[in-house]
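Topology and contacts: notes
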Amino acid sequence: MTEIAPHLTEPAAAAQRPPALAIRGLVKRFGTKVAVDAINLDVPAGSFYGLVGPNGAGKTTTLSMATGLLRPDAGQVWVHGVEVWGRPLEAKRLMGLLPDGVRLFDRLTGEQLVTYAGLLRGMDKDTVAGRVADLLATLDLAKDAGTLVVDYSAGMTKKIALAAALIHAPRLLVLDEPFESVDPVSAANIRDILHGYVDSGGTVIVSSHVMDLVQRMCGHVAVIAGGNVLAAGTVEQVRGGLSLEDRFVELVGGRNQGTGLAWLRTS
Amino acid sequence: MVAHLLRLKLALLRNSLRRSPMQLIGLAIGALYGLGVLGMVLVGLAVLGTQGPGTIGVVIVLAGSALFLGWLIIPVVAAGLDMTLDPARFTTYSVPMTSLLAGLALSGFIGIPGAITLLASVGTAAAWWRQPVAAGAAVLCGALAALTCVVASRAMTAASASLASSRRFKDLSGVVLLVPLLFLGPIIAGVTAGVKDLQAYLPSLANTLSWTPLGAVWAVPAEVAADRWGLAGAKLAIALAATAALAWMWKACLAKALVTPAYAGNSGRSAGNMGFFRLFPPTPAGAVAARSLTYWLRDPRYSAGLVIAPLLPLVFVFAGSRTGGIGTLGLTLGLGGVLAAFLVVWSISSDISYDNTAFALHLAAGVSGTADRAGRAMAAACLALPLGLLYAVVGAGMAGTWALLPAVLGLTVGVVGSGLGLASVFSARFTMNAPLPGDSPLKSKPGNNFSAMLIQMAGFAGVGVLLLPEIVLAVVAMATRQPVFGWMSLTCGIVLGAVFVLAGIRIGARIYDRRAPELLLAVSADR
């Protein structure tokens, strides 16, 4: 890992770099259902971190709380030592976010949407214009830049949302299901961009339920199920010789042990 | 299978009610309204029964044709009004076509419009209480007529589905529909004014209609009452043929739609056109303003309002032209302009509800409350101020009432300022169930608007209070014809408007900064 030490926000922590994301005792209840149950998690700066878990495990809820979109019932979150719910504006400057299942301002053209995201963050006009052109070209959206986002395909929509998350060159990138409905070529391009970003000192957190992808792409991984962290560490530590998928199933459980659907056999 | 579909529709209705008691209240109000209309129709029909059979026939044929026409037209222009049982969702289940058709047709009666139509149509028998045979015929024909209405609306929906899958058509049709609706009042007024000439014309119109699919079914009982069994049979045959033709058309369109997935093609357009983003300063507030203004023009939910607002003063002029002369024209236009400006500025009170979860971008980017509030207010002001001023000046110019112009201008400027201020606070505090992005502007989910209505009324009252000084001064100016009060109203409007808009943005920003995550959570529940 290249050690480009970013300037430290807390002088006291100068001896040791604060983690890119630190989560302590995060809790969220929806009615009587506990969606996130006192999660602790450290994402080291400069890591490519995978967050895996079955549907409804609390991944999106955790990430929403960690990025300042959803107020936690209890617990604290720090981004590079800045407390997200204490100093939200400062923390949000450090983060880029690609949320899942969230609409976009889709009556803007792709170019307008990314520009909008940049201007909202208070960036100056010329920087925004330059970066928008770069992002659109890299993500292969240049020829549809003037099309309304509402007319984009699902994969193009993901890519334009990613561009909006990258425009302010954040130090931490939080991507919720970034590869869903993205075609293989674009997915490979996005992976290249993300690897380049990590190599230059940035931190990426990706949530996914595609184990293969996480095993190949990420250096670290945390397994979340039922609102708890079941295992966390480097991918090697977590999978312990097994494939990540087998280890995941072992941790999470829930595999059917019976003979299955006997009548489904065709012969 | 038909019973399954009916149960599904009932279950969907029940579950949507379980989600919020407000929906239940709204549905109850809708049902009461429907029952009230039904009661009035039935009483009217019974009273009609005291007339001669000729008159009864004419009235029922005309009213029935109008009802049928409504069922034909509304689904086309208001695409996707009620798609609880959207045929497209049954694509993957191999439901036999006839069962699907029957189930969907019958499920059309579950719901206030369908149920009321059925009861009112069958209720036409009430008008024939003096001729039992005709009454019996009316019950059967009424049921057939109601079924035809539902089938017709389904057929039109299916037929326009391929057209409606194009976003542009959907956007445009929703807005265009509003224009005739808006002028409904003046049109009815015009028709009733000319009713003397019409009285001679109506019977022949009814006679013609009774030979067309629109009116045939409604004319059968009248022919039975007159013992013209041959004519009755002929008209019944026309009605049955019409129903059959519509059903066949529906089936054909549905069969095609089920194997052709909706696809809206688009050709790539490259970069370069930044629209309003070029015109506003490149700051967060300027960006919000540019985005909002883009939405005012591109999102039918906003542009519908933008189409209605400028037409309102004209509606007033139509309505007023009956009572007053040219003298009141200037004032009518001016005050209409004030109301139009108010409608535009007040719509930002539901801005965040209209954003829906797209609002997450503002939250993730850490937009300050001040920038968010100010940007949205700026966009609405860019539209409302010129609109109000234009009507005030044009009105004064046309009627030559220049002396009253300052008073009207005071009201206009005041209402824009106070309205924007209060709306900025309201939209940071309340969210409501607005039509989702991409939906028809007319679409409202069954009965969820009760709490929204209360909030809106509170807002209207609030703006009225804030505007009180300008209103009093303007009224005094108009009553006394002393120009000095007009100028005082204008001064008051400018000063108070500026104060209220700044205070509203400040208070709204403070609430926004505190509650932004809660706002996002509230709009996420509704998607």
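Attention here is on the structure that accompanies the text. (Residues numbered from 1 in each chain as written. Chains lettered and ligands numbered in written order. Predicted model: local features only at pLDDT ≥ 70, side-chain atom pairs only at ≥ 80, totals over all residues. Heavy atoms only, no water.)

Looking now at the pattern of salt bridges. Under the criterion given, the structure shown has 17 salt bridges over all chains. The salt bridge partner of A:D42 is A:R24, with a shortest N-O separation of 2.9 Å. Taken together, the residues span a long stretch of sequence, with A:D42 in strand β2 (residues 33–43) and A:R24 in strand β1 (residues 21–30) at a distance of 18 residues. By relative accessible area, which is 37% here, A:D42 ends up partly exposed. Here A:E90 and A:R87 are joined by a salt bridge, their closest N and O atoms 3.1 Å apart. Here A:E90 falls in the partly exposed class, since its relative accessible area comes to 32%. Residues joined by salt bridges that share partners form a network here, namely B:R291, B:D351, B:D355, B:D372, B:R373 and B:R376. (Salt bridge = Lys/Arg side-chain N within 4 Å of Asp/Glu carboxyl O. Helix = DSSP H or I, 4+ residues; strand = E, 2+ residues; numbered from the N terminus. Buried < 20%, exposed > 50% of the residue type's maximum accessible area, 1.4 Å probe, protein only.)

Here we come to the pairing of strand β7 (residues 172–176) of chain A. Residues and elements named next belong to chain A. For β7, a buried count of five out of five residues is recorded, marking the element as mostly surrounded by other parts of the structure. Burial along β7 is two-sided: the residues L172, V174 and D176 and L173 and L175 are all buried. Pairing of strand β6 (residues 95–98) with β7, which is carried by four bridges, proceeds in the parallel orientation. Within β7, the position partnered with G96 by the bridge is L173. Sheet topology note: the β7/strand β8 (residues 203–208) ladder contains five bridges and is parallel. Across the sheet, the residue bridging to L173 is V204, located in β8. With respect to chirality, the unit in which β7 leads through helix α6 (residues 184–199) into the neighbouring parallel β8 is right-handed. (Pairing = 2+ DSSP bridges. Right-handed = clockwise from strand over helix to strand, strands pointing away.)

Now for the interface of chain B and chain A. At the junction of the two partners, chain B supplies 46 residues and chain A supplies 39 residues. Counting each side, the surface lost to burial between chain B and chain A is near 3800 Å², with a carbon and sulfur contribution of 60%. The interface formed by chain B and chain A contains one salt bridge. Between B:E518 and A:R71 there is a salt bridge, and its shortest N-O distance comes to 2.6 Å. Classifying every residue of the side of chain B that touches chain A by side-chain character gives 22 nonpolar, 14 polar and ten charged. (Contact = heavy atoms within 4.5 Å. Buried area = accessible area lost by both parts, 1.4 Å probe. Nonpolar A, V, L, I, M, F, W, Y, C, P; charged D, E, K, R; others polar.)

Fair warning: the whole summary comes from geometry, so function is off the table for now.
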